[in-house]
Amino acid sequence: MSDSPLQAKTVLDADPWLEPNVPAIIHRHDVFRNWKSAIETTEGGYDAFSKGYLKFGLNVGPNGEVTYREWAPNAKEASLIGDFNSWNRVTHPMTKDSFGVWEITIPPVSPGVCAIPHDSKIKISMIIPSGERIERLPAWIRRVTQDLSVSPTYDARFWNPPEEERYKFKNPRPPQPKSARIYEAHVGISTSEYRVGTYKEFTANTLPRIKDLGYNTIQLMAVMEHAYYASFGYQVTSFFAASSRYGTPEELKELVDTAHGMGITVLLDIVHSHASKNVLDGLNMFDGSDHLYFHEGSKGRHELWDSRLFNYGNHEVLRFLLSNLRFWVEEYEFDGFRFDGVTSMMYKHHGIGTGFSGGYHEYFGDAADIEAIIYLMLANDAMHSLYPSCITIAEDVSGMPLLCKPVSQGGIGFDYRLSMAIPDMWIKLLKHKRDDEWDMSNIVHTLTNRRYREKSIAYAESHDQALVGDKTLAFWLMDKEMYTNMSDLTEYTPIIARGIALHKMIRLLVHSLGGEGYLNFEGNEFGHPEWLDFPREGNGNSFHYARRQWNVVDDPLLRYKYLNEFDKAMNHLEDKYGWLAADPAYVSLKHEGDKMIVYERAGLLFIFNFHATNSFTDYRVGIQEPGEYTVVLSSDEKRFGGFDNVLPGGQYFTTPMEWNGRKNWLQVYIPSRSCIVLAKK
């Protein structure tokens, strides 16, 4: 076997509480090693196995010949049809091998000239055992297009542009960021206009904003092709096709390359947790059987998402999924992935109707879906061994132990997990609690309660909170006054003043205390008004809420600019001091009466006053390192919509006397609903 057996001591060194579950963890690792060994024996290892896209689908040879291969064991006959042969089902029959793979090679019309024209339509036509003829889009197709005026069903296209039209990458990948400051973005909504935005517009208009704000990583949503725009990209039909709604494959390559030129890492939101149930333009019933890529029956269906579930224990399904990861890295130069729906994958109940208390029996018992967990281990191990700087992030709400430990140590191998409890906490507070009922200890506990030495991405809100039915933090805070009082020409009402103050405080608190990475959803940095709702029947197919209103942050008379400036200052300060890459914070004070939170991280002193009315003069706070300190960030600055009561700079000297468990103390003026950050001079 390629990897050495896992030792119990390795697991217990990571987490002694795992002792009762060591046999399950070792078993899971043994199954992983068996799969890895089988891939090495039968396929030559990860490198060859994950290049399935060079064997399957349509590939052009050196002389212009086109070879097409498709796995469809249930089919009795197959042929390639399309514009190139006038959709003739007889002229281009395919042959089937013993593994159920169909193949045809179409010679060039002349040396170097493909018989299938670039961007022309194609399909595979098959006859199944019942005698029925079925037609499908090739499973590995790299370009599909939709003409809604004709039909919602996609057309497959043979993407083979002439050499001079192929995008050539110019910039090297940036090094893996030490501190991940992630901007979660969706190309389609990145325009202020009432339509779908494009790759080219995102490259020209949105990338410079992201760079200016100080984010070093972009997480691109809804890139894998999906039939229904309103699914937000989560009902994938063609896994190897970049969504044609926004433009061409070459334009997406330009987007990624331009980001790299700005020093920005680009992650893809990958959906391997489920697939669209579409038959005509998806993988469902591909060869007429219920169980090709998916489990058959109810095991292969997600009852809440109304979608199909992969059979992760199948050799060819593993080839398809691992090759899909490799394809996006090789073809488009993505730097890593945010894996969607990891909780749904890891448990047979898919998280439906199940709360996770944190008890370890919930993670390793009968509920665990070993096949899916092994796939995630293989995916992380393969990507990290092929691309050592690759970043993988897990969207998991369950708190699975060892999720972000290397596979060699018994882990599942992700680099980061998303801290999904944090946004839920803020929504609950804003929805159900008065400001004087906020529990400082509970807030700190939620922000710091993470698995030891497993990295997490903290966020105050993501796309989930922006969707229709919920509200963004800004909207929870300011609601209808955002329509009337966000202009500097209007009164600075108590609701707006509170909203702007808390919006900044919540973000800095999450950014500096909550994890080893930080994530923001596009537009929320400036308190984007309203919510997100894609065009659909229920809203008259309106684009009103499916766009980003950049005009409000660009208008110098509107108060959104204050939130935008603070977000920028916060990111640039992190870039200078690197608190996300530092050890977790030491929290020295959680004071319920004063509504104060004080902590140190990366040599900085963070002071938050959440009190609605009380400002404190000469407030004494503990600090470990003696010396002279100065304010490097104050949420109360005028340029952030504050009152200029605390300005950057100043001299704050420590006194060598223990305070709140720290060796020294200093005194500050801290106004109500404000936060300051001090650094050593």
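Residues numbered from 1 in each chain as written. Predicted model: local features only at pLDDT ≥ 70, side-chain atom pairs only at ≥ 80, totals over all residues. Heavy atoms only, no water.

Trainee: I would appreciate a short explanation of the pattern of salt bridges in the present structure.
Mentor: A side chain with one charge may pair with a side chain of the opposite charge, provided their charged atoms come close. As enumerated under the stated definition, the model contains 48 salt bridges in all. A salt bridge links Arg 181 to Glu 574; its shortest N-O distance comes to 2.6 Å. One end of the pair, Arg 181, is in strand S10 (residues 180–186); the other, Glu 574, is in helix H17 (residues 560–577), with 393 residues separating them in the sequence. A relative accessible area of 5% places Arg 181 in the buried class. In this structure, the salt-bridge partner of Glu 395 is Arg 338, at a minimum N-O distance of 3.2 Å. Within this pair, whereas Glu 395 is found in the loop between strand S18 (391–394) and strand S19 (416–418), its partner Arg 338 is found in strand S17 (residues 336–339), the two being separated by 57 residues in sequence. We note that Glu 395, like Arg 338, is buried. It is possible to trace a salt-bridge network through shared partners that takes in Asp 47, Lys 51, Arg 326 and Glu 330. (Salt bridge = Lys/Arg side-chain N within 4 Å of Asp/Glu carboxyl O. Helix = DSSP H or I, 4+ residues; strand = E, 2+ residues; numbered from the N terminus. Buried < 20%, exposed > 50% of the residue type's maximum accessible area, 1.4 Å probe, protein only.)

Trainee: Would you mind going over the environment of Ser 441 with me for this structure?
Mentor: Following the sequence through the fold, Ser 441 ends up in helix H11 (residues 440–448). Using a relative accessible area of 31% as the deciding quantity, one classes Ser 441 as partly exposed. Expressed as a C-alpha distance, the spacing of Ser 441 and Lys 595, which sit 154 residues apart in the sequence, is 9.8 Å. Once you skip the residues sitting within four places of it in the chain, Ser 441 turns out to touch Lys 590 and Glu 592. (Contact = heavy atoms within 4.5 Å.)

Trainee: When you look at the packing of helix H5 (residues 249–261) against helix H6 (residues 315–332) in this model, what are you seeing that I'm missing?
Mentor: In helix packing, the relevant descriptors are the interaxial angle and the interaxial distance, both defined with respect to the helix axes. Their axes nearest at 10 Å, the elements H5 and H6 cross at an angle of 75 degrees. Considered as vectors, H5 and H6 are oriented roughly perpendicular to each other. The segment H5 lies against H6, with Pro 249, Leu 252, Lys 253 and Val 256 engaging Trp 328, Glu 331 and Tyr 332. Here the contact of H5 with H6 is built from residues that sort into five nonpolar, no polar and two charged. (Axes fitted to C-alpha atoms, helices over the stretch in contact; angles between N-to-C directions. Parallel < 35°, antiparallel > 145°, perpendicular 65-115°, else oblique. Nonpolar A, V, L, I, M, F, W, Y, C, P; charged D, E, K, R; others polar.)

Trainee: Where do I start with the nonpolar core in this structure?
Mentor: The tendency in soluble globular proteins is for nonpolar side chains to be buried as a group. In terms of nonpolar packing, the biggest core is built from 188 residues, with Leu 220, Leu 252, Tyr 293, Trp 328, Tyr 375 and Trp 426 touching the most fellow members. The residues touching Tyr 375, leaving out its near neighbours within four places in the chain, are His 272, Tyr 312, Leu 318, Leu 321, Leu 322, Leu 325, Phe 339 and Met 345. Membership of the second largest hydrophobic core comes to 18 residues, among which are Val 621, Val 631, Val 646 and Leu 666. (Core = buried A, V, L, I, M, F, W, Y, C linked by side-chain atoms within 4.5 Å.)

Trainee: Help me understand the packing of aromatic side chains, please; the structure alone is not making it clear to me.
Mentor: The geometry of an aromatic ring pair is captured by the separation of the ring centres together with the interplanar angle, meaning the angle of the planes. Here the structure, examined in full by the defined rule, presents 44 aromatic pairs. On the numbers, 5.2 Å between centres and 45 degrees between planes, the contact of Phe 294 with Phe 310 is tilted. A residue pair is termed long-range when its members are at least 10 positions apart, and Phe 294 in the loop between strand S14 (265–270) and strand S15 (301–302) and Phe 310 in the loop between strand S16 (307–308) and H6 qualify at 16 residues. Looking at Phe 310, the relative accessible area reads 1%, which means it is buried. Between Trp 426 and Trp 438, the ring centres sit 6.0 Å apart and the planes meet at 55 degrees, which makes this aromatic pair tilted. One end of the pair, Trp 426, is in helix H10 (residues 421–432); the other, Trp 438, is in the loop between H10 and H11, with twelve residues separating them in the sequence. Residue classification places Trp 426 among the buried residues on the basis of a relative accessible area of 0%. Owing to a relative accessible area of 2%, Trp 438 belongs among the buried residues under this scheme. (Phe/Tyr/Trp six-rings, centres within 6.5 Å; stacked < 30°, edge-to-face > 60°.)

Trainee: Help me out: how do you make sense of H10 in this one?
Mentor: One full turn of an α-helix is made of 3.6 residues, so residues set three or four places apart face in the same direction. Taking 1.5 Å of rise per residue, the twelve residues of H10 would be expected to cover 16 Å, and the 16 Å separating its terminal C-alpha atoms lies within 8% of that figure. Buried within H10 we find Ile 422, Pro 423, Met 425, Trp 426, Ile 427, Leu 429 and Leu 430. Each element contacted by the buried residues of H10 is listed here: H11, strand S20 (456–458), helix H12 (463–466), helix H13 (473–478) and helix H15 (494–513). (Expected span 1.5 Å × (residues − 1).)

Trainee: Can you walk me through the pairing of strand S29 (residues 674–680) in this structure?
Mentor: For a regular strand, side-chain orientation follows a simple rule: the groups alternate between the two sheet faces. In terms of residue burial, S29 counts as a mostly covered element, since six of its seven residues are buried. The sheet contact formed by strand S24 (residues 604–609) and S29 spans five bridges and is antiparallel. Residue pairing across strands places Phe 608 opposite Cys 675, the latter belonging to S29. Pairing geometry for strand S26 (residues 628–634) and S29, over five bridges, is antiparallel. (Pairing = 2+ DSSP bridges.)

Trainee: Would you take a moment to explain the sheet that holds strand S2 (residues 66–71) for this structure?
Mentor: Within a beta sheet, neighbouring strands are joined by backbone hydrogen bonds and run either parallel or antiparallel to one another. If you trace the four strands from one edge of the open sheet to the other, you get S1-S2-S5-S4, paired in antiparallel fashion. Because the sheet does not close on itself, it has two edges, and the strands there are strand S1 (57–60) and strand S4 (95–96). By the bridge criterion, two bridges tie S4 to strand S5 (residues 101–106) in an arrangement that is antiparallel. Paired with Thr 95 across the two strands is Glu 103, which belongs to S5.

Trainee: Help me understand the side chain of Ser 276 in this model?
Mentor: Relative to the assigned elements, Ser 276 resides in the loop between S14 and S15. Looking at Ser 276, the relative accessible area reads 3%, which means it is buried. A distance of 3.0 Å separates a polar side-chain atom of Ser 276 from the backbone nitrogen of Asn 278. Excluding residues within four positions of it along the chain, Ser 276 makes contact with Gln 235, Val 236, Thr 237, Asn 284 and Arg 308. (Polar contact = N/O pair within 3.5 Å; in protein donor to acceptor, adjacent residues only side chain to side chain.)

Trainee: I tried to follow the UniProt feature "active site" (unreviewed entry) in the chain on my own but got confused; where do I start?
Mentor: What UniProt calls "active site" (unreviewed entry) maps, in this numbering, to Asp 340 and Glu 395. These residues run over 56 residues, yet every pair of their C-alpha atoms falls within 5.5 Å of each other. With respect to the element layout, Asp 340 can be found in the loop between S17 and helix H7 (342–346). Residue classification places Glu 395 among the buried positions, given a relative accessible area of 13%. With residues up to four places along the chain from it excluded, the contact list for Glu 395 reads Arg 338, Phe 339, Asp 340, Gly 341, Val 342, Thr 343, Leu 418, Met 420 and Asp 464. At 2.7 Å, the side chain of Glu 395 and the backbone nitrogen of Gly 341 are in polar contact. (UniProt positions renumbered as here; feature names shortened; annotations may be inferred.)

Trainee: Just checking my understanding: could you explain the packing of H10 against H15 for this structure?
Mentor: Taken N-terminus to C-terminus, the directions of H10 and H15 make an angle of 155 degrees; their axes are 12 Å apart at the nearest point. Here H15 runs roughly antiparallel to H10, going by the angle between their axes. Judged by the twist between their axes, the crossing of H10 over H15 is right-handed. Of H15, the residues touching H10 (which contributes Ile 422, Trp 426 and Leu 430) are Arg 498, Ile 506, Leu 509 and Val 510. Here the contact of H10 with H15 is built from residues that sort into six nonpolar, no polar and one charged. (Left-handed = near helix turned anticlockwise from the far one by under 90°.)

Trainee: Can you walk me through unusual backbone geometry in this structure?
Mentor: For residues other than glycine, phi is negative in most cases, and the peptide bonds are mostly trans. For Met 285, which is not glycine, the phi torsion reads 55 degrees and is therefore positive. The exposure class assigned to Met 285 is partly exposed, which follows from its relative accessible area of 27%. Backbone geometry at Asp 644 places phi at a positive 60 degrees, although glycine is not the residue there. Its place among the elements puts Asp 644 in the loop between S26 and strand S27 (649–653). Given a relative accessible area of 33%, Asp 644 falls into the partly exposed group.

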